[in-house]
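Next come the chains, spelled out residue by residue.
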Amino acid sequence: PQIFHGAAPVSLPAGSDAEFEVLLKCAQLVERMYTHIATAAEDFTVLSSFIVAQYVSELQKVTLYPQIKRHLTEGVYKILDLCFEQDVKFLNTALQMGVKEVFNELFANYTRYHKTQRQGEEKYTA
């Protein structure tokens, strides 16, 4: 497949270690971008549900390496931190059936692992 790096496409053999390393680096950069978006919450809150919708729509189409999925998921969790209850309701209403199932699984894991961990950290930083 072709992986774009800068302005020039780079061809890598599918399934190679080099391809995996490029994909992992991309996932880390996406996680970093989502972290930056979360720190500028005011400017991005309106877009957060659309970012999540795009992620789960694309996630349904592919199988990701676990290490790559971990970085992308952590980044999306930071975007979910910006979502309000009405955003979650919007996603549950607007997403198509298969995508909605992916979202519900993501949101359940977010609530179980990320949100409870974050609330615990906030409790001890007061």
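Structure: above.
Residues numbered from 1 in each chain as written. Predicted model: local features only at pLDDT ≥ 70, side-chain atom pairs only at ≥ 80, totals over all residues. Heavy atoms only, no water.

### Structural notes on the packing of aromatic side chains
Scanning the entire structure with this criterion turns up 5 aromatic pairs. Geometrically, the ring pair formed by phenylalanine 20 and tyrosine 65 is edge-to-face, given 4.9 Å between the ring centres and 90° between the ring planes. Of this pair, phenylalanine 20 sits in helix H1 (residues 17–39) while tyrosine 65 sits in the loop between helix H3 (48–59) and helix H4 (66–80), placing them 45 residues apart in sequence. Here tyrosine 77 and tyrosine 110 contribute two aromatic rings whose centre-to-centre distance is 5.6 Å and whose plane-to-plane angle is 55°, an arrangement assigned as tilted. With tyrosine 77 in helix H4 and tyrosine 110 in helix H6 (residues 97–124), the pair connects residues that are 33 residues apart, well separated along the chain. Using a relative accessible area of 7% as the deciding quantity, one classes tyrosine 77 as buried. The exposure class of tyrosine 110 is buried, given its relative accessible area of 3%. (Phe/Tyr/Trp six-rings, centres within 6.5 Å; stacked < 30°, edge-to-face > 60°. Helix = DSSP H or I, 4+ residues; strand = E, 2+ residues; numbered from the N terminus. Buried < 20%, exposed > 50% of the residue type's maximum accessible area, 1.4 Å probe, protein only.)

### A short note on the layout of surface pockets
Its boundaries defined by the atoms lining it, the largest pocket holds a volume of some 290 Å³. Considering the residues around the largest pocket, the lining is formed by Tyr55, Leu59, Lys69, Arg70, Thr73, Glu74, Tyr77, Val102, Glu105, Leu106, Asn109 and Tyr113. Of all elements in the fold, only H3, H4 and H6 reach the threshold of two or more residues within the lining of the largest pocket. Grouping the constituent residues of the lining of the largest pocket by class yields 6 nonpolar, 2 polar and 4 charged. Taken as a whole, the second largest pocket holds about 150 Å³ of empty space. Leu23, Cys26, Ala27, Val30, Thr63, Leu64, Tyr65, Ile68 and Leu72 together form the lining of the second largest pocket. Looking at the lining of the second largest pocket, the elements that each hand over two or more residues are H1 and H4. The greatest single-element share of the lining of the second largest pocket, amounting to 4 residues, is contributed by H1. Considering only residue class, the lining of the second largest pocket consists of 8 nonpolar, 1 polar and no charged. (1 Å grid on protein atoms, 1.4 Å probe; cavity = no way out; pocket = protein on both sides within 12 Å on 5 of 7 lines; lining within 4 Å. Points joined across faces, edges and corners; volume = space filled by probe spheres on them. Nonpolar A, V, L, I, M, F, W, Y, C, P; charged D, E, K, R; others polar.)

In short, shape yes, function no, at least from these values alone.
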